[in-house]
Amino acid sequence: MAKTVVIIPAYKPDKAYLNLVENLIDSFEILTVNDGSGEEFEPLFKDVSAMGATLITHEVNKGKGAAIKTAVSYLQERGEPWVAVTADADGQHSVKDIKTVAALAEQNRDAMVLGVRDFKKMPFRSRFGNTVTKGSFYLVTHNRIQDTQTGLRGFSDQIADRLLEAEGNRYEYEMNVLLGLKGWGIPTVQTVIDTIYEEGNPTSHFHPVRDSLIVFGQVIKHTLSSLACTLLDYLLYLALLAWTGMSAEVAYIPPKAISIVVNYFLSRSVVFHAKPDWRTTLSYYMLAICTMSVGAILIRLCTDHLGASEAIIKLPVDTLLFFANFVVQKKVIFQNIKEPSKK
């Protein structure tokens with residue numbers, strides 16, 4: 001059986017990188033990517049190659065996500081089954097933990113194995129950031145990932161295509177992979193690893209605001225696209241009430257139909273990045289018909305029985321339907337049907 005591959009993306013590494021490769025080379029196949037580090041780091045990479053590591057070089061810096069994709073593509077092109085572990089070049093992952101994650105990845109080839117750190121042993125700054133991001137992540141995905149910022153991950157060729165599809169080439173890539181796991185039907189296996197920090201924690205990846213924005217990015221895009229369509233819908237609705245004398249429930253339908261068509265294209269191409277097919281189109285418009293029907297009924301009930309203003313009641317009704325629509329679109333209509341990434 002072939003050795004498990006350890007993938008090490010490296011950008012301007014120091015001696016910790018050299019020591020890591022030296023400690024791993026007897027137990028693993030090492031595949032490392034020089035991500036545009038520059039000429040001054042060439043001697044370090046030559047030393048790594050001399051140890052027996054496979055070296056791939058990006059002429060310019062493309063980002064950690066791009067380096068991981070380059071390594072995964074290289075393994076896929078070999079045309080044989082494989083298991084890999086990604087490890088950071090800064091020495092924050094111990095050999096013992098890399099071996100643990102590698103063994104779990106071999107046993108769970110259909111899963112993503114995550115080496116998760118013990119929050120209690122983290123500096124406060126990183127502990128706070130991870131707690132914020134972990135909480136945000138669970139609110140959006142309902143997937144309990146104990147350490148959303150871990151770079152120690154194990155996986156096999158069985159899920160490689162999904163890893164290549166994930167968006168992003170830099171810091172956001174690893175988060176986007178985690179966000180995609182549940183929708184792709186890929187289980188996670190988590191194991192506690194040592195928490196290793198250099199003095200002063202200079203390489204901390206503490207970005208709670210940035211990472212939370214990544215987590216909530218889909219919700220934000222859905223909200224903005226819905227707001228644009230709601231504005232179009234509402235203006236047309238007011239125009240029909242003012243100029244045609246239609247009843248509120250009748251005037252509700254034509255603007256809603258127009259905004260639904262616009263919203264479909266925004267949802268498919270901007271929010272969920274789904275490829276067009278008959279199933280998503282049919283499902284979306286069935287949802288739209290249900291939404292229009294429920295909305296018209298709620299408008300009539302509120303105006304007749306609550307005495308609500310025809311011009312105002314549309315706003316709370318559409319707000320309620322907005323949240324229901326997002327859940328159905330995310331969980332049912334656009335689940336697990338993303339466009340392949342453009343290479």
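Residues numbered from 1 in each chain as written. Predicted model: local features only at pLDDT ≥ 70, side-chain atom pairs only at ≥ 80, totals over all residues. Heavy atoms only, no water.

(A) Structural view of helix 11 (residues 278-305). Here helix 11 contains 28 residues, and its C-alpha end-to-end distance of 40 Å stays within 8% of the 40 Å for a straight helix at 1.5 Å per residue. Trailing helix 11 by a residue or two, G307 shows a phi angle of about 70 degrees, which is positive. (Helix = DSSP H or I, 4+ residues; strand = E, 2+ residues; numbered from the N terminus. Expected span 1.5 Å × (residues − 1).)

(B) Focus on the pattern of salt bridges. Within this structure, the stated rule accounts for eleven salt bridges. For E80, the salt bridge identified is with R78, shortest N-O distance 3.9 Å. Salt-bridge contacts for R300 lead to D304; the nearest nitrogen and oxygen are separated by 2.5 Å. Highlighted residues: R300 and D304, both in helix 11, separated by four residues, approximately one helical turn. The class of R300 is partly exposed, set by a relative accessible area of 24%. Through salt bridges with shared partners, a single ionic network connects E29, R78 and E80. (Salt bridge = Lys/Arg side-chain N within 4 Å of Asp/Glu carboxyl O. Buried < 20%, exposed > 50% of the residue type's maximum accessible area, 1.4 Å probe, protein only.)

(C) Structural view of unusual backbone geometry. The phi dihedral of K12 is positive, around 50 degrees, even though this residue is not glycine. Counting through the fold element by element, K12 comes out in the loop between strand 1 (5-10) and helix 1 (15-24). Taking the relative accessible area as the measure of exposure, K12 reaches 43% and is therefore partly exposed.

(D) Focus on a nonpolar patch on the surface. Taken together, the side chains of L232, L236, I258 and V262 present a nonpolar region at the surface, about 280 Å² in accessible area. Contributing elements (two or more residues each) for the nonpolar patch: helix 9 (217-244) and helix 10 (248-271). A relative accessible area of 43% places I258 in the partly exposed class. (Patch = residues over 30% accessible without salt bridge, like charges linked within 9 Å, V, L, I, M, F, W, Y side chains within 5 Å. Areas by Shrake-Rupley, 256 points an atom, 1.4 Å probe, with all protein chains shown as cover.)

(E) Spotlight on the side chain of S37. Mapped onto the fold, S37 is located in the loop between strand 2 (29-35) and helix 2 (42-51). At 2.8 Å, the side chain of S37 and the backbone nitrogen of K12 are in polar contact. Side chain to side chain, S37 and N34 meet in a polar contact 2.9 Å long. Apart from the residues within four sequence positions on either side, S37 is in contact with A10, Y11, K12, P13 and F45. (Polar contact = N/O pair within 3.5 Å; in protein donor to acceptor, adjacent residues only side chain to side chain. Contact = heavy atoms within 4.5 Å.)

(F) Representation of helix 3 (residues 64-77). With 14 residues, helix 3 should reach 20 Å at 1.5 Å per residue; the first-to-last C-alpha distance of 20 Å fits that figure. Those residues of helix 3 not exposed but buried are G65, A66, A67, I68, K69, A71, V72 and L75. G79 occupies a position one or two residues after helix 3 and carries a positive phi of about 75 degrees.

(G) Representation of the environment of L18 in the model. Examined against the element boundaries, L18 turns out to sit in helix 1. Considered as a pair, L18 and D90 are 72 residues apart in the sequence and their alpha carbons are 9.5 Å apart.

(H) Main features of the confidence of the model for the protein chain. Averaged over every residue, the pLDDT of the protein chain is 82; residues scoring 70 or more account for 80%. Scored below 50 in pLDDT, residues 199-206 makes 15 contacts in the model with residues more than four places away or belonging to other chains. Scored below 50 in pLDDT, residues 339-343 shows nine contacts in the model against residues more than four places distant or in partner chains. (pLDDT = per-residue confidence, 0-100.)

(I) Representation of the sheet that holds strand 4 (residues 83-86) within the structure. One open sheet holds the seven strands; their spatial order is 3-2-1-4-6-5-7, and the pairing between them is mixed. Of all strands in the sheet, those with a lone pairing partner are strand 3 (54-58) and strand 7 (188-193), marking the two edges. On average, adjacent strands in this sheet sit at an angle of 20 degrees to one another, irrespective of strand direction. The sheet contact formed by strand 2 and strand 3 spans five bridges and is parallel. Its bridge partner being in strand 3, L31 is matched across the sheet by T54. Across the sheet, helix 2 lies against strand 1, strand 2 and strand 3, angled at about 165 degrees from strand 2, the strand it touches most. (Pairing = 2+ DSSP bridges. Axes fitted to C-alpha atoms, helices over the stretch in contact; angles between N-to-C directions.)

(J) Structural detail: the pairing of strand 5 (residues 112-117). Burial of strand 5 is extensive: six of the six residues sit out of reach of the surface. Alternating positions in strand 5 separate into two faces, M112, L114 and V116 on one and V113, G115 and R117 on the other, with burial throughout. Sheet topology note: the strand 5/strand 7 ladder contains six bridges and is parallel. The partner of R117 across the bridge, within strand 7, is I193.

(K) Representation of the nonpolar core. In terms of nonpolar packing, the biggest core is built from 30 residues, with I7, V72, M112 and F155 touching the most fellow members. Those elements that place two or more of their residues in this core are strand 1, strand 2, helix 3, strand 5, helix 6 (160-165) and helix 7 (172-184). Counting residues per element, this core draws most heavily on helix 7, which supplies six residues. Once you skip the residues sitting within four places of it in the chain, I7 turns out to touch L31, A71, V72, L75, A84, V85, T86, A87 and F155. Of all hydrophobic cores here, the second largest spans 28 residues; its members include L20, L44, I98 and A102. (Core = buried A, V, L, I, M, F, W, Y, C linked by side-chain atoms within 4.5 Å.)

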